[in-house]
Amino acid sequence: MLDKTYRPESVETKHYEQWERDGAFACGQNADGDPYTIVIPPPNVTGSLHMGHALNNTLQDILIRCMRMRGRDALWQPGMDHAGIATQMVVERQLEASGETRAGLGRDAFLEKVWQWKAESGGAIIGQLRRLGASCDWSRERFTMDEGLNKAVRKVFVQLYKEGLAYKDHRLVNWDPKLETAISDLEVQQQEINGSLWYFKYPVEGIDNKYLTVATTRPETMLGDTAVAVHPDDERYRDLIGKYCILPLVGRRIPIVADEHADPEQGSGAVKITPAHDFNDFEVGRRHDLEMINIFNVNATLNDTVPEAYRGLDRYEARKKIIADIDAAGLLDRTEDHTHMVPYGDRGGVPIEPYLTEQWYVDAATLAKPAIKAVEQGRTKFVPENWSKTYFEWMRNIEPWCVSRQLWWGHQIPAWYGPDDTIFVEETEADAQREADAHYGESVILRRDEDVLDTWFSSGLWAFSTLGWPEKTPELARYYPTDVLVTGFDIIFFWVARMMMLGLHFMDDVPFHTVYVHALVRDENGQKMSKSKGNVIDPLELIDEYGGDALRFTLASLAAPGRDIKLSGNRVAGSRNFATKLWNAARYCEMNQCESRADFDPGACTHKLNRWIVSELVRCVRTVNDGVDTYRFNDAAQGLYQFIWGTYCDWYLEFSKPLLMGDDANLKAETRATAAWVMDQVLHLLHPFMPFITEELWEQLGAQRPESLITSPWPAFGDELVDEGAEQEIGWVVDLISGVRSVRSEMNVPPSAKITMVLAGAGDVSKEWSKTHAELIHRLARIGDIVVDGEAPKGAVQFVHRDATVMLPLADVIDLDQEKARLEKSIAKADGEITKLQKKLQNQKFLSRAPEEVVKEQKNRLTEEKATKGKLTDALERLSAMI
């Protein structure tokens, strides 16, 4: 017997552990089915489950559970990313706490500490994904630093090098001076800073009292200036192009060059050019063959290329001294307050520096060409499709990919240097030694490159390295290419693009047929979640309070393509209530002896009500299938919600009571079997969305089930079960009762009041239905007498229902004048809100300053207020017609 109350905490762990014991997540169970593969975006080994993970993995699990039940050979490939910088920082902090340092330990001992940390503390997120219900094939879990993936990484790098696609070069990188490494754009966060804009006067060589005034937010970089740029069409400076300025404090002659990078409308129109410390200036420097002078050490102190007075100073100490010295020289034109964006390293927490250094690069432009073509040809599709434009924009303007990092934790680059720095790139040290000895004609000592590869390099191989590549494994042959990648938009370039390039290059096929790009999860006000705002919602806390199913169903029901999710605890509570509704429906079935029958044939139902619910179920199956197949998870979830809560619980079970309590034994048996059969199908359809409660009910309602719900076949029905006649008849009753209830609610009719219903203009079929279902209408609409073809009574509210007009006399039930006053007051209040919102949305100052999500929220509120006013106005018009 089902408990009175559903308690997720007593069910979820029990079923998850049973699924794992049964091997329910393993691929290969449906060996005759077509393969269906998803590779998980590998979470960082240091990570904890956040709401983005919860959404991403919920959607993947819906797909994999659904396809598994449909008979596909489903593989959800799990694993974790070694997270180079993040992991190294965690372990370094632990060392600091015990008085040790990375440098003091040395590389090998430090890496031992990292592996020890991983074994003891890493991977907490894997357990958290289990709490969410993720049905990954954990027996196949991979790690981007495990031996198999390390072999794949080495092979890829070596092949790229030997094909001329990996090389060393001097270019600008994002440099984190705290961590002393290059970092990717994804690891850079822009922060708004209230700073200053300093205007320096650079003397023009050979012309007394002639200066070019340049502005900068980073005065320290002026020591690395190698030119001043002006626009070629700027008449003010045309005669100075080709001449020189004398760089203050340094004395270096720097050319005045014509370049369209200079904007005549900005400041003085002249721009200082520091090619080694600004990405735009670097391009100007390449166009004009300028000297590139790196003025920083790796920790952002000034190096020996600057005048002696500034050497060794921290960049900000140097800034103060340079400003003071420029001022003392009479070359500080002015200083202005200036709010601007400053790039910070998200791990180091300090401003990064564009930094000229030698790094390893991959020729991304060459690799991008087949990846662009594959999307153009439709071999890989983006959902929503508009993300393909973002993909093309990035890929068609791609820069060389910096793949080296100055870390110890990661895949050490398989490159060795001879005595004269000749590079030998091989998969093993023995191979490199053999090549070097052949090159030099004698045995030489090699020095290995100390850098490691960018984390995105190894994760870029994820779709095929996890399946065993470079070995030709059966799994690689069966499950590659994968079917869909579910990901956030922020890593389309960093991960999706790299997977496309490397998958095509090394597997000669796309890594996935579809890229489903989900939206952001925001707070209930549409604000982006952040620790600084204090609006971060912890998914584990929601699971603790409401259960994993409630969180999953909420996220799925809000996952409309291209629309950010506004999440709140109240929404998750609503999904918990939905689970309770399902539980109570199951208890109703159990108490009324509605038990599953192996011989039940839904097509053999005789009663109109039973044929109707079977027909509606078939339509629900179609809705769920369409939603899942088109990645409209919200449509599938909402279709389930409407069918279960409304069609099945509120209408069918309520309508079934007279049949279950009647004297017709055959009809009672049919209705019991139908109710149980529909409940079983509901559990199948809902399982991918709410796996725990559905598995529990499947187990409790059928003691002799041959298999668990997770591996049971997906519902599939033909058109023969659709009964349009039953849908029309029962639908007529449902809509009539709903219409009466709506009027009662709008007019504040007391629940206890039984009112007369007059049906005018009804055809023969409607009249017959009103008689057949009179008992339901009386009971559920709280109707007294039903008068067919009667005259319009005085003081009646009217509404049209199919071919009839329904009239409800309310003059003797409610105070018409009081009700009119209430409606008018509510309309006035709605009008006030509409006016206020319209003014705000017409205010250009508000529109220019407010975040996009805030503007969208205000527009949504305006739409809602207008809808509310419309309903109130309709009610008032009906009331006025009565008066």
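Residues numbered from 1 in each chain as written. Predicted model: local features only at pLDDT ≥ 70, side-chain atom pairs only at ≥ 80, totals over all residues. Heavy atoms only, no water.

**Brief notes about the overall build of the protein**
If you tally the helices and strands in the protein, you get 29 helices and 29 strands. Projected onto its principal axes, the C-alpha coordinates of the protein cover approximately 105 × 65 × 55 Å. Relative to all contacts within the protein whose residues are 6 or more apart in sequence, the contacts with residues 24 or more apart total 77%. In the structure as shown, the protein presents an accessible area of about 38900 Å², 46% of it carried by carbon and sulfur atoms. Distance from the positive charge centre (101 side chains) to the negative charge centre (136 side chains) of the protein: 4 Å. (Helix = DSSP H or I, 4+ residues; strand = E, 2+ residues; numbered from the N terminus. Contact = heavy atoms within 4.5 Å. Areas by Shrake-Rupley, 256 points an atom, 1.4 Å probe, with all protein chains shown as cover. Lys, Arg positive; Asp, Glu negative; His and termini not counted. Charge placed at Lys NZ, Arg CZ, Asp CG, Glu CD.)

**What about the environment of His 231?**
Position of His 231 among the secondary structure elements: in the loop between β9 (227-230) and β10 (244-246). It is 48 Å that separates the C-alpha atoms of His 231 and Met 507, two residues lying 276 residues apart in sequence. When near neighbours in sequence (up to four residues on either side) are disregarded, His 231 contacts Asp 259, Glu 260, Ala 262, Pro 264 and Gly 269. One polar contact links the side chain of His 231 to the main-chain amide nitrogen of Asp 233, over a distance of 3.0 Å. (Polar contact = N/O pair within 3.5 Å; in protein donor to acceptor, adjacent residues only side chain to side chain.)

**Here's the deal with the packing of aromatic side chains**
For the structure shown, the criterion picks out 36 aromatic pairs. Geometrically, the ring pair formed by Trp 115 and Phe 143 is edge-to-face, given 5.9 Å between the ring centres and 75° between the ring planes. With a gap of 28 residues between them, Trp 115 in helix α5 (residues 107-120) and Phe 143 in strand β4 (residues 142-143) connect regions that are remote in the sequence. You can call Trp 115 partly exposed: its relative accessible area is 37%. Stacked on the ring of Phe 392, the Lys or Arg Arg 396 has its end atom at 4.2 Å from the ring centre. (Phe/Tyr/Trp six-rings, centres within 6.5 Å; stacked < 30°, edge-to-face > 60°. Buried < 20%, exposed > 50% of the residue type's maximum accessible area, 1.4 Å probe, protein only. Lys NZ or Arg CZ within 6 Å of the ring centre and 35° of its normal.)

**Here we look at the pairing of strand β7 (residues 188-203)**
Inspection of the sheet shows β7 paired to strand β13 (residues 332-345) by 13 bridges, in the antiparallel sense. Pairing of Val 188 across the sheet is with Gly 345, part of β13. Alignment of β7 against strand β8 (residues 211-216), held across six bridges, turns out to be antiparallel. For Phe 200, the partnering residue across the bridge sits in β8 and is Val 214. (Pairing = 2+ DSSP bridges.)

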